[in-house]
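Listed here are the chains, written in short residue letters.
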Amino acid sequence: MADLSAQVQEPFDLVRLSLSERVFVKLKGERSLVGVLHAYDGHMNMIMSDVEETILLVEPEEEVNGAGTVQTVKRQLEMLFVRGDSVILVSPGAR
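By the naming in an unreviewed UniProt entry, the protein goes by LSM complex subunit LSM3 and is assigned to Calocera viscosa. The heading Subunit (unreviewed entry) in the UniProt record of the protein holds the text "LSm subunits form a heteromer with a doughnut shape." A UniProt comment under Sequence similarities (unreviewed entry) is attached to the protein, and it reads "Belongs to the snRNP Sm proteins family."

As structure tokens, this is what we get:
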């Protein structure tokens, strides 16, 4: 772990070290991605491949019983451009 901490001086260093590796990306709107990071820029726009997108659909409470429902939808995408202003968190895969 000491070797990794010596390589990471700024936040973007951790993202740079994750190029060509699987990363977890949390997005606005209850969405998350897991895929291989190919490129990124200073705005956190990203190009990813072999992506699994998970969308959490939260239905509002029903008037009858007062209970809301949560549904998870997943889809596979071969290649994806992620706009940086939707990114909340980027986590490198397990090393």
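Next comes the rest of the write-up.
J.: What is the right way to read the overall build of the protein from this model?
T.: Summing up its helical and strand segments, the protein has two helices and five strands in all. Element order for the protein, N to C, with α for helix and β for strand: α-α-β-β-β-β-β. A burial count over the protein gives 27% of its 95 residues as buried. Per element, the accessible surface of the protein, about 6,500 Å² overall, is 55% carbon and sulfur.

J.: Can you help me understand the sheet that holds strand E5 (residues 87-92) in this one?
T.: Backbone-to-backbone hydrogen bonds pair the strands of a sheet. The strands run either parallel or antiparallel. Taken together, five strands build an open sheet; the order of strands is E4-E3-E2-E1-E5 and the sheet is antiparallel. The sheet is open, and its two borders are formed by strand E4 (69-82) and E5, each paired with just one other strand. Each strand of the sheet is rotated relative to its neighbour by a mean of 25 degrees, with strand direction disregarded. Sheet topology places strand E2 (residues 31-40) next to strand E3 (residues 46-59); eight bridges connect them, and they run antiparallel. Paired with leucine 37 across the strands is methionine 48, a residue of E3.

J.: What am I meant to see in the pattern of salt bridges here?
T.: Under the definition given, this model contains six salt bridges. Of the charged contacts in the structure, one is a salt bridge between arginine 22 and aspartate 50, with a shortest N-O distance of 3.2 Å. Of the two residues, arginine 22 is situated in strand E1 (residues 22-27) and aspartate 50 in strand E3; the sequence distance between them amounts to 28 residues. Owing to a relative accessible area of 43%, aspartate 50 belongs among the partly exposed residues under this scheme.

J.: Can you walk me through the pairing of E1 in this structure?
T.: Regular strands place side chains that alternate from one sheet face to the opposite one. Along E1, the buried face is formed by Val23, Val25 and Leu27; none of Arg22, Phe24 and Lys26, which line the opposite face, is buried. The antiparallel pairing of E1 with E2 creates a hairpin that spans three residues between the two strands, and glycine 29 there sits at a positive phi of about 80 degrees. Where E1 meets E5, five bridges bridge the pair, whose relative direction is antiparallel. Bridged to valine 23 within E5 is proline 92.

J.: Can you help me understand the nonpolar core in this one?
T.: Side chains of a nonpolar character, in soluble globular proteins, are inclined to be buried together. If you look at the biggest cluster of nonpolar residues, it comprises 14 residues, and the most contacted ones within it are Val25, Leu33, Met46, Met48 and Val82. Once you skip the residues sitting within four places of it in the chain, methionine 46 turns out to touch Val25, Leu37, Ala39, Tyr40, Leu80, Phe81, Val82, Val87 and Val90.

J.: Could you clarify how one ought to interpret the environment of glycine 35 in this entry?
T.: By the secondary structure assignment, glycine 35 is in strand E2. Along the backbone, glycine 35 and arginine 22 are 13 residues apart, and their C-alpha atoms lie at a distance of 5.0 Å. Once residues lying within four places of it in the same chain are set aside, the contact partners of glycine 35 are Glu21, Arg22, Val23, Met48, Ser49, Asp50 and Val51.

Parameters and conventions
Residues numbered from 1 in each chain as written. Predicted model: local features only at pLDDT ≥ 70, side-chain atom pairs only at ≥ 80, totals over all residues. Heavy atoms only, no water. UniProt positions renumbered as here; feature names shortened; annotations may be inferred. Helix = DSSP H or I, 4+ residues; strand = E, 2+ residues; numbered from the N terminus. Buried < 20%, exposed > 50% of the residue type's maximum accessible area, 1.4 Å probe, protein only. Areas by Shrake-Rupley, 256 points an atom, 1.4 Å probe, with all protein chains shown as cover. Pairing = 2+ DSSP bridges. Axes fitted to C-alpha atoms, helices over the stretch in contact; angles between N-to-C directions. Salt bridge = Lys/Arg side-chain N within 4 Å of Asp/Glu carboxyl O. Core = buried A, V, L, I, M, F, W, Y, C linked by side-chain atoms within 4.5 Å. Contact = heavy atoms within 4.5 Å.

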